[in-house]
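Given next are the chains, with one letter for each unit.
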Amino acid sequence: MWARERIELVAVSRGARPADRYVRGGLLLNVYTGETYPANVAVRGERIAYVGLRDDMVGPRTEIIDAGGRTLVPGYIEPHAHPWNLATPAALARHVLPLGTTAIFGDNLTAYELGGLRGFESAAAALAHGPLRFYWLIRPHGQSPADGESRRFSRPAIRRMLGKPWSAAMGEVTRWPDVLAGRRDLFDRLALASAAGKRIEGHTAGAGPEKLPGLAAAGFSSDHEPISAAEAIERARLGIALMLRQSSLRPDLRALLAPFVKAGGFERVMLTTDGSSPSFIARHGFVDNLVRLAIEEGVPPATAYRMVTLHPASYYGKDADLGGIAPGRYADILLLGDILEPRPAAVIARGRLVARDGQSTVAFPEPPWRRIFTPRSTRLDRTWRLAAEELELGEGTVPVLRLVSAVITQLDERPLRRGDLHAALLDRRGEWITTAGLSGFAPELDGLATTLSTDCQILAAGRRPEAMAQAVNRLLEMKGGLVVVDGRRVAFELPLPLGGLMATGPLLEMARREDELKSLLAARGYAFHDPLFTLYFMAADFLPSVRLTGRGVWDVRRARVVSPSRRRRSR
Ligand SMILES: [Fe+2]
């Protein structure tokens, strides 16, 4: 297969065989040299056969794509995405392909946690046929430590996934304190990446300068977590490749670019949207937006395009396939009206014209989600009901999670005050409950329940336990999503039938529902900018400073249970 494809490419490049497509009249931005010059591109199948001024490979059946007056740049690469945020990866691909992104390196966690090895592999196989190319980052552990984790994330399963052609690296590895503690079981997992010749994607949120050398020594080869220029340059100096982030939760890119603009050292810099929400993508765009911001911040245009093409391709060892317009590479080519406007006039992916003027001209397959996320695999198969009394906190001192930003919390231990909410994390099968107070969220919220949670459980919050219990019970009937109850009236419902995290609607529809939720919560006093991530991360015990977990209310800094979870009997 490989040999035949290459023999054909060689024949086309020599003019001995006709090309399938011929992109004529464009100005090529050469990301390898930084030059711009006129060049035509001949395509055979999915790959580029020839770049230059000859046209002897144009035959009577060669399709001509007119690129007159356009600049040709390689398709954009997103090196670190979580493509499971309300919309499916396929819906995301449909939306961002016309915006110029032709490859996404995505986190496998959601499909793996909720669909198992078989489920994730069948999603990856289905997505592999689409015009946007997905590569996967393989997690070595779950989001939060839980019973049975070493069985769920077994080493044979990880080894198997790392051996697949669609797997690009191991990551993201969020448990950096375990790395510094030299936890052998974790290193035995990281070793699987090394054995497969793959890199290890770090996640070093909050790690100070004294901790970073140990993380670099452990083999973390990239990081996307710096939130300030100082954090970015500290990591870059240690040889850690950077994915500078502009996401809905952390729109930090302008500040992060500053030290690199000053020093000029961009070779190891990439750009990422991380886990941006549908509404943020609908408003700002995707990788195209990153290029625009970089150019605005004074990055030379050729460098800005390299950061989203050649750099990520080279970082993942895929520069023979991706990241440049040259013979042998996949024909993922954007036609820009202007080098300063990264949103393309037309997009060629896998050798075919797939979008024009922002509109997709091809279909993108949706994986068979109902077979991948079953009620059993997503743990939404049991019928149980929650009673309001189970959410009562009593009169005395209780742990209170106080939000100091959209996602960062502080621990208070005191009786509940006016404006505080009740909060609870519940096992999806109703086997345990963790309760606490919550302040700084949305003081006028009666009851909310959702399956949007990084540990795939059920989160409830509100000032009225009856309304919270009603929201949880409605959520269980819906088999996942988000419910808001005012008094006794359901005020908002967002069904997310795919694992409780996604629906199959177009990205713009999910963005509209997200905006509705935002204004509804803002009307009830929510004061931060990203409610989705406030909800997702209430259980994220890799972030400071206190979280709701299956063990109980968890003090992240001191690694201790402040108040334990309670077993409950399903009713
Ligand atoms: Fe991430």
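Computed from a predicted structure; not experimentally measured. (Residues numbered from 1 in each chain as written. Predicted model: local features only at pLDDT ≥ 70, side-chain atom pairs only at ≥ 80, totals over all residues. Heavy atoms only, no water.)

### Let's talk about the overall build of the protein chain
- The helix and strand inventory of the protein chain stands at 18 helices and 31 strands.
- Taking 25 Å as the expected radius of gyration for a compact globule of 571 residues, we find that the protein chain reaches 25 Å, a close match to that expectation.
- Each principal axis of the C-alpha distribution contributes one length, and for the protein chain these read about 85 × 50 × 45 Å.
- Expressed as a percentage of its 571 residues, the buried residues of the protein chain come to 61%.
- In the structure as shown, the protein chain presents an accessible area of about 21,700 Å², 51% of it carried by carbon and sulfur atoms. (Helix = DSSP H or I, 4+ residues; strand = E, 2+ residues; numbered from the N terminus. Rg over C-alpha atoms; globule rule 2.2 N^0.38 Å. Buried < 20%, exposed > 50% of the residue type's maximum accessible area, 1.4 Å probe, protein only. Areas by Shrake-Rupley, 256 points an atom, 1.4 Å probe, with all protein chains shown as cover.)

### Looking at the coordination of the iron ion
- H80 (NE2), H82 (NE2), E172 (OE), H224 (NE2) and D274 (OD) make up the full set of protein donors to the iron ion, lying at 2.2 to 2.7 Å.
- Here the donor residues for the iron ion map to a single chain with the spacing H-x1-H-x89-E-x51-H-x49-D. Of this pair, H80 sits in strand 6 (residues 76-81) while H224 is found in the loop between strand 12 (220-223) and helix 9 (229-237), placing the two residues 144 residues apart along the sequence. (Donors = N, O, S within 2.8 Å, 3.2 Å for Na, K, Ca; no water.)

### Points about the packing of aromatic side chains
- In total, this model carries 16 aromatic pairs according to the counting rule given.
- The interplanar angle of 5° and the centroid separation of 4.2 Å between the aromatic rings of F105 and Y316 together place this pair among those described as stacked. Placement of the pair is F105 in strand 8 (residues 101-107) and Y316 in the loop between helix 14 (310-315) and strand 15 (333-336), with a sequence separation of 211 residues.
- Using a relative accessible area of 7% as the deciding quantity, one classes Y316 as buried.
- Through successive ring pairs, a cluster of aromatic residues spans W84, F120, F134, W136, W166, W369 and F373.
- Over the face of the ring belonging to Y330 we find R47, whose NZ or CZ atom lies 4.2 Å from the ring centre. (Phe/Tyr/Trp six-rings, centres within 6.5 Å; stacked < 30°, edge-to-face > 60°. Lys NZ or Arg CZ within 6 Å of the ring centre and 35° of its normal.)

### Examining the sheet that holds strand 11 (residues 199-202)
- If you trace the eight strands from one edge of the open sheet to the other, you get 6-8-9-10-11-12-13-14, paired in parallel fashion. The two strands at the open ends of the sheet, each matched to only one other strand, are strand 6 and strand 14 (269-272). Strand-to-strand twist in this sheet, taken as the mean axis angle between neighbours without regard to direction, amounts to 30°.
- Bridge count between strand 8 and strand 9 (residues 133-138): five bridges; the pairing is parallel. Its bridge partner being in strand 9, G106 is matched across the sheet by W136.
- Sitting on the sheet, helix 12 (residues 287-296) is in contact with strand 6, strand 8 and strand 14, with an inclination near 105° to strand 6. (Pairing = 2+ DSSP bridges. Axes fitted to C-alpha atoms, helices over the stretch in contact; angles between N-to-C directions. Contact = heavy atoms within 4.5 Å.)

### Some details on the sheet that holds strand 29 (residues 552-555)
- Reading across from one edge, 28-29-30 is the order of the three strands in this open sheet, with antiparallel pairing throughout. Here the strands that pair on one side only, and so sit at the sheet edges, are strand 28 (546-548) and strand 30 (560-564). Looking at each pair of strands side by side, their axes are set apart by 25° on average, direction ignored.
- Pairing between strand 29 and strand 30: four bridges, direction antiparallel. Across the sheet, the residue bridging to D555 is R560, located in strand 30.

### Observations regarding the pairing of strand 19 (residues 398-403)
- For strand 19, the buried fraction is high: five of the six residues fall into the buried class.
- In textbook terms, the turn of a hairpin is the stretch between consecutive antiparallel strands, and for strand 19 and strand 20 (residues 409-414) this stretch comprises five residues.
- Relative to strand 22 (residues 432-439), strand 19 is paired through three bridges, and the arrangement is parallel. Paired with L401 across the bridge in strand 22 is L438.

### Some thoughts on the side chain of R329
- Mapped onto the secondary structure, R329 falls in the loop between helix 14 and strand 15.
- In this structure, R329 is buried with no salt-bridge partner, the nearest side chain bearing the opposite charge being D319 at 5.4 Å.
- Of note is the side chain of R329, whose polar atom sits 3.2 Å from the backbone oxygen of P327.
- With sequence-adjacent residues up to four places away left out, R329 is seen in contact with Y32, E46, R47, I48, D319, A320, D321, L322 and G324. (Lys, Arg positive; Asp, Glu negative; His and termini not counted. Salt bridge = Lys/Arg side-chain N within 4 Å of Asp/Glu carboxyl O. Polar contact = N/O pair within 3.5 Å; in protein donor to acceptor, adjacent residues only side chain to side chain.)

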